[in-house]
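Close look at the chain arrangement
Letter by letter, the chains look like this.
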Amino acid sequence: MKSKKLIEQLFAEGDSLTVFPLRLVYLKTNFNDNNNLKAGVSVSKKLHKTAVSRNRIKRLIREAYRLNKSAYFNNSSTSYALMILYIGKKGTTFDEINETMKKLFQKFLDKTLIK
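Being a predicted model, the structure only gives us computed values, none of them experimental.

A short note on the pairing of strand 2 (residues 22-28)
Across a regular strand the side chains alternate sides, sitting on one face of the sheet and then on the other. Burial of strand 2 is extensive: five of the seven residues sit out of reach of the surface. When strand 1 (residues 15-19) meets strand 2, the two strands line up antiparallel, connected through five bridges. Considered in strand 2, the bridge of Ser 16 is made with Val 25. Taken together, strand 1 and the strand that follows it, strand 2, pair antiparallel across an intervening segment of two residues. Where strand 2 lies against strand 4 (residues 80-86), seven bridges are found, and the strand directions are antiparallel. Residue pairing across strands places Arg 23 opposite Leu 85, the latter belonging to strand 4.

Shown next as structure tokens:
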């Protein structure tokens, strides 16, 4: 996700879910380019001072998202903008991120399918 307007709208109007250490901010929207999902990843500079640690966590989150998105979002007909935030203070492993991502996506599907 690269659009500054979309990111600002996402944080202003979007809903959020948290499964520690990840937080998902989402907004139902329409895209002009026929995509169903657009996602972004963010790690706080305040909590993780070095760029090396921030980039490593972002890489782990992106990989977990890539591996799990097809299992959870292939049947989705609605379009969502997603922002995944890492809110933990300590570093993490891929296994922890991957399990948390699965729980977060399941919670997201449960919440959005009810409405």
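From this point, the narrative continues.
Considerations on the environment of Leu 24
Along the chain, the position of Leu 24 falls in strand 2. What makes Leu 24 buried here is its relative accessible area of 0%. Between the C-alpha atom of Leu 24 and that of Leu 60, which follows or precedes it by 36 residues, the distance is 15 Å. Here Leu 24 is in contact with Asp 15, Ser 16, Leu 17, Leu 82, Met 83, Ile 84, Leu 104 and Phe 108, once residues within four sequence places are set aside.

Considerations on the side chain of Thr 112
If you trace the backbone, Thr 112 turns up in helix 3 (residues 94-114). A relative accessible area of 15% means that Thr 112 is categorised as buried. Looking at Thr 112, its side chain comes within polar contact range of the main-chain oxygen of Phe 108, at 2.9 Å. Ignoring any residue separated from it by four or fewer positions in sequence, one finds Thr 112 in contact with Tyr 26 and Tyr 80.

Notes on helix 2 (residues 51-73)
With 23 residues, helix 2 ought to run about 33 Å at 1.5 Å a step, and its terminal C-alpha atoms sit 31 Å apart, in line with that. The largest bend in helix 2 amounts to roughly 35° and is located at Leu 67. By the burial criterion, the buried members of helix 2 are Arg 54, Ile 57, Leu 60, Ile 61, Ala 64, Tyr 65, Asn 68, Tyr 72 and Phe 73.

So, the pattern of salt bridges
A side chain with one charge may pair with a side chain of the opposite charge, provided their charged atoms come close. Using the criterion set out here, one finds three salt bridges in the structure. For Lys 38, the salt bridge is made with Asp 33, and the minimal N-O distance between the two is 3.4 Å. Take Lys 38: its relative accessible area is 24%, and that puts it in the partly exposed class. In this structure, Arg 66 and Glu 63 form a salt bridge, with 2.7 Å as the shortest nitrogen-oxygen distance. Residue Arg 66 and its partner Glu 63 are both found in helix 2; the two are separated by three residues, about one turn of the helix. By relative accessible area, Arg 66 is classed as partly exposed at 48%.

Here we look at the packing of aromatic side chains
Two aromatic rings, taken as a pair, are described by how far apart their centres are and by the angle between their planes. A complete count under the given rule lists seven aromatic pairs for this structure. A centroid spacing of 6.3 Å and a plane angle of 70° characterise the contact between Tyr 26 and Tyr 80, whose relative ring orientation is edge-to-face. Separated by 54 residues along the polypeptide, Tyr 26 in strand 2 and Tyr 80 in strand 4 bring together distant segments of the chain. Assigned by exposure class, Tyr 26 and Tyr 80 land together as buried. Between Phe 73 and Phe 105, the ring centres sit 5.0 Å apart and the planes meet at 75°, which makes this aromatic pair edge-to-face. With Phe 73 in helix 2 and Phe 105 in helix 3, the pair connects residues that are 32 residues apart, well separated along the chain. No difference in accessibility class separates Phe 73 from Phe 105, as the two residues are buried.

Each value, and the rule that gives it
Residues numbered from 1 in each chain as written. Predicted model: local features only at pLDDT ≥ 70, side-chain atom pairs only at ≥ 80, totals over all residues. Heavy atoms only, no water. Buried < 20%, exposed > 50% of the residue type's maximum accessible area, 1.4 Å probe, protein only. Helix = DSSP H or I, 4+ residues; strand = E, 2+ residues; numbered from the N terminus. Pairing = 2+ DSSP bridges. Contact = heavy atoms within 4.5 Å. Polar contact = N/O pair within 3.5 Å; in protein donor to acceptor, adjacent residues only side chain to side chain. Expected span 1.5 Å × (residues − 1). Bend = angle between axes of the 7 residues up to and from the residue. Salt bridge = Lys/Arg side-chain N within 4 Å of Asp/Glu carboxyl O. Phe/Tyr/Trp six-rings, centres within 6.5 Å; stacked < 30°, edge-to-face > 60°.

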